[in-house]
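# Survey of secondary and tertiary structure
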Amino acid sequence: MVETSAPAGGAGVSEGAAHHWRADGRGGAERSGLLEGVRAYGLIVAMWLRSTMAYRASFVMTTLGNFLATAFDFVTIVLMFSHVDALGGYALPEIALLYGMAATAFGLADLLLGSMERLGSRVRDGTLDTLLVRPVPVLAQVAADRFALRRLGRIVQGLLVLGYALVTVDVVWTPDRVLMVPLAVVSGAGVFGAVFVAGAAFQFFAQDAAQVQNSVTYGGTTLLQYPPSIFAKELVRGVTFVVPLAFVSWLPSLYVLGRDYPLALPWWAAFLGPVVAGVCWLLAGLAWRAGLRAYRSTGS
């Protein structure tokens, strides 16, 4: 993708670009901005896919490397169970269910929106200006920038662990439990996606905050791979009510397993994943708008 040079003028560039975005963001975006953004995202992703497939051997090796690197997380859990029969009262197949849901949901969000973490570097070096002056939603451009198909390795690894769990876990599969698995994965990906966008919005202000974002996304994924019973209730409350990652894996998995959640929540709370994802996206969208309006060009 060829980038045009940003016009000179320092803060004037950002003000003009922000004005352009506001006109499109509040007017055009309310009419057709979502469809326009999805279309632009698809076109940019297609461009990066063509670039990736030009070097297929490299793609295969990097995807395999991504798969193996993430697989070591579950290998560590398997090795742990070679010395213990249960962790926090959960057997290996039950831990695998927690792991598989969380890893697959995060893998989907990371594939589609993982590039958002690079926004801070664009803000620091001023290359965000080139995105602001294009007639394409900035969010779509940032999300699709350098789309990395190699991240499929993480999704495949998560699906394999999830498949193992579904085959080996001791559960009576009723229709509601069967429905819960895909519902949790899709809504969990939505929650993680909103966290990626909100974290990118924070980088408009902090600029060098990619690691803070990673502590919530990558760190949150690791947290969800273990049962909530081994964590303090204060942490469980935070992951449930503050950053609601519990709706990605913990609540759905415990519903499938027929186990009680450490906090006093009604049984139907496990089905609130789509609602929670929608609320997270609403808040992330507001944060993104606020961050974009506050952006000031470096003048470079």
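Residues numbered from 1 in each chain as written. Predicted model: local features only at pLDDT ≥ 70, side-chain atom pairs only at ≥ 80, totals over all residues. Heavy atoms only, no water.

Inspection of the entire model under this criterion finds 4 salt bridges. Among the ionic pairs, Glu 94 bridges to Arg 259, the shortest N-O distance being 3.3 Å. Of the two residues, Glu 94 sits in helix α3 (residues 92-113) while Arg 259 sits in the loop between α11 (250-257) and α12 (273-294), which places them 165 residues apart along the sequence. With a relative accessible area of 15%, Glu 94 lands in the buried category. When the shortest N-O distance is used, the salt bridge between Arg 154 and Asp 110 registers 3.9 Å. Of the two residues, Arg 154 sits in helix α7 (residues 152-168) while Asp 110 sits in helix α3, which places them 44 residues apart along the sequence. (Salt bridge = Lys/Arg side-chain N within 4 Å of Asp/Glu carboxyl O. Helix = DSSP H or I, 4+ residues; strand = E, 2+ residues; numbered from the N terminus. Buried < 20%, exposed > 50% of the residue type's maximum accessible area, 1.4 Å probe, protein only.)

Another point: a nonpolar patch on the surface. Together, Leu 64, Leu 68, Phe 72, Val 75 and Leu 79 give the surface a local cluster of nonpolar side chains, amounting to about 490 Å² of exposed area. For Phe 72, the position within the fold is in helix α2 (residues 56-80). (Patch = residues over 30% accessible without salt bridge, like charges linked within 9 Å, V, L, I, M, F, W, Y side chains within 5 Å. Areas by Shrake-Rupley, 256 points an atom, 1.4 Å probe, with all protein chains shown as cover.)

Before going further, it helps to examine the confidence of the model for the protein chain. Per-residue confidence for the protein chain gives a mean pLDDT of 86, with 87% of residues at or over 70. Of all helices and strands in the protein chain, the one with the weakest mean pLDDT is helix α1 (residues 11-53) (66), whereas α11 scores best (96). Low confidence marks residues 1-29, where pLDDT is under 50. Its contacts with residues over four positions away, or in another chain, come to 43 contacts. (pLDDT = per-residue confidence, 0-100. Contact = heavy atoms within 4.5 Å.)

Turning our attention to the packing of aromatic side chains. Within the structure shown, the criterion is met by 10 aromatic pairs. Ring centres of Phe 204 and Trp 288 lie 5.3 Å apart, and the angle between their planes is 65°; on these two criteria the pair is classed as edge-to-face. Of the two residues, Phe 204 is situated in helix α8 (residues 175-206) and Trp 288 in helix α12; the sequence distance between them amounts to 84 residues. You can call Phe 204 buried: its relative accessible area is 6%. We classify Trp 288 as buried; its relative accessible area is 4%. Put simply, the rings of Phe 106, Phe 192, Phe 196 and Tyr 218 pair up and form one aromatic cluster. The ring of Tyr 90 carries the charged tip of Arg 259 above its face, separated from the ring centre by 4.1 Å. (Phe/Tyr/Trp six-rings, centres within 6.5 Å; stacked < 30°, edge-to-face > 60°. Lys NZ or Arg CZ within 6 Å of the ring centre and 35° of its normal.)

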